[in-house]
Amino acid sequence: MVLVDVQGDFTVWKKGSLGVAGSDRAYVRRVKAALYDLKKKGLDIYATQDWHPKNHLSFFTNHPGKKPFEVIKLHGQDQVLWPPHCVQCTENAEILVDKSLFKLVVQKGMLMDWDSYSGFYVGGGTKTILESALKKEGVDKLLMFGIATDYCVKSTAVDGAKLGFEVTVVTDLCRGVDPKTSDKAIQDMPAAGVRVVESLDEVRIR
Ligand SMILES: [Zn+2]
């Protein structure tokens, strides 16, 4: 299974710069409880971590005169300008779950001029080692949850399906940036080959 970006800066619990609605302490507790349970049932847990240099071009602060959440063109594609977040080696870039739970942590967004919402890509089309690590272990089914439903969860799930994995997203363990785009992501993912369920109760583990 893949835990997506449960990092301080994306939670209100840690007063993150991009803390999304409902990402309180209770949410992180539920994520942790689910991970311990899944690990006990024999699943390996892979985690993604947004990991930007300070001068990253997804930060509005690196574009004089721009405001947070403005959209610009970067490499010909829409790029949301975010508040600075998940800056490498800062406290709020840390994943809020005991690292001993993870088989592997995959970092993304390290290239200054490329953003990456997907855990399968560093940015600019360069792959992380996630796909090869999963395939080496013979993993073909992926459970997925984390933050944010409408960006990194959606993108990682859709790419996972494209790369041949059977992906199931568990929505009650996800939190999104915006309710409208989160609802749209949940509606759109099945057409991209991603199974969407509300709760882990709907998933048969092995
Ligand atoms: Zn980011």
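Reading guide: rules and limits
Position numbers for residues count from 1 along each chain, tracking the sequence in the order it is written. Totals for whole chains, interfaces and linings use every residue, but because this is a predicted model, local features are given only for residues with pLDDT of at least 70 and side-chain atom pairs only at 80 or more, for both listing and counting. Side-chain metrics rest on all non-hydrogen atoms present in the structure, leaving aside hydrogens and water. For the purposes of this entry, the term helix denotes a DSSP run of H or I that reaches at least four residues, the term strand denotes a run of E that reaches at least two, and both are numbered from the N terminus. Polar contacts, as counted here, are pairs of nitrogen or oxygen atoms within 3.5 Å of one another; within protein the pair requires one atom able to donate a hydrogen and one able to accept it, and residues that are adjacent in sequence qualify only if both atoms are side-chain atoms. What makes a nonpolar core is a set of buried Ala, Val, Leu, Ile, Met, Phe, Trp, Tyr and Cys residues whose side-chain atoms join them at distances within 4.5 Å. A 1.4 Å probe rolled over the protein chains alone gives each residue an accessible area, and that area as a share of the maximum for its type sets the label: buried under 20%, exposed over 50%, partly exposed in between. Note on contacts: a residue pair is in contact if any heavy atoms of the two residues lie within 4.5 Å. Grid spacing is 1 Å over the protein atoms alone, the probe is 1.4 Å, and a cavity is where that probe fits but cannot get out, while a pocket is an open set with protein on both sides within 12 Å along at least five of seven lines and lining residues have an atom within 4 Å of a point. Grid points are joined across faces, edges and corners, and a volume is the space filled by probe spheres set on the points. Following the grouping adopted for this structure description, the nonpolar residues are Ala, Val, Leu, Ile, Met, Phe, Trp, Tyr, Cys and Pro, the charged ones are Asp, Glu, Lys and Arg, and the polar ones are all others, Gly among them.

For the rest of this paragraph, the subject is the environment of His 75. Considering the arrangement of structural elements, one finds His 75 in the loop between β3 (71-74) and β4 (77-80). In the structure, His 75 is positioned 120 residues away from Arg 195 in sequence and 31 Å away in space, judged by C-alpha atoms. Within the structure, His 75 has its side chain in polar contact with the backbone oxygen of Asp 113 (distance 2.7 Å).

Across soluble globular proteins, you tend to see nonpolar side chains buried next to one another. Residues Leu 3, Leu 35 and Phe 145 are the most contacted members of the largest nonpolar core, which totals 57 residues. A per-element tally of this core places helix α1 (residues 25-40) first, with six residues. When near neighbours in sequence (up to four residues on either side) are disregarded, Phe 145 contacts Met 1, Val 2, Leu 3, Val 4, Val 31, Ala 34, Leu 35, Leu 38, Val 153, Val 170, Leu 173 and Cys 174.

Its volume calculated, the largest pocket comes out at about 630 Å³. Taken together, the elements giving at least two residues each to the lining of the largest pocket come down to β3, β4, β6 (121-123) and α3 (149-162). With seven residues, α3 is the largest single contributor of residues to the lining of the largest pocket. The residue makeup of the lining of the largest pocket, split by class, is eight nonpolar, nine polar and six charged. In this structure, the second largest pocket spans a volume of roughly 530 Å³. Contributing to the lining of the second largest pocket are 20 residues, with Leu 43, Lys 141, Leu 142, Leu 143 and Arg 204 lying nearest its centre. When contributions to the lining of the second largest pocket are tallied by element, the ones reaching two or more residues are β8 (141-146) and β9 (166-170). Residue classes in the lining of the second largest pocket are distributed as nine nonpolar, three polar and eight charged.

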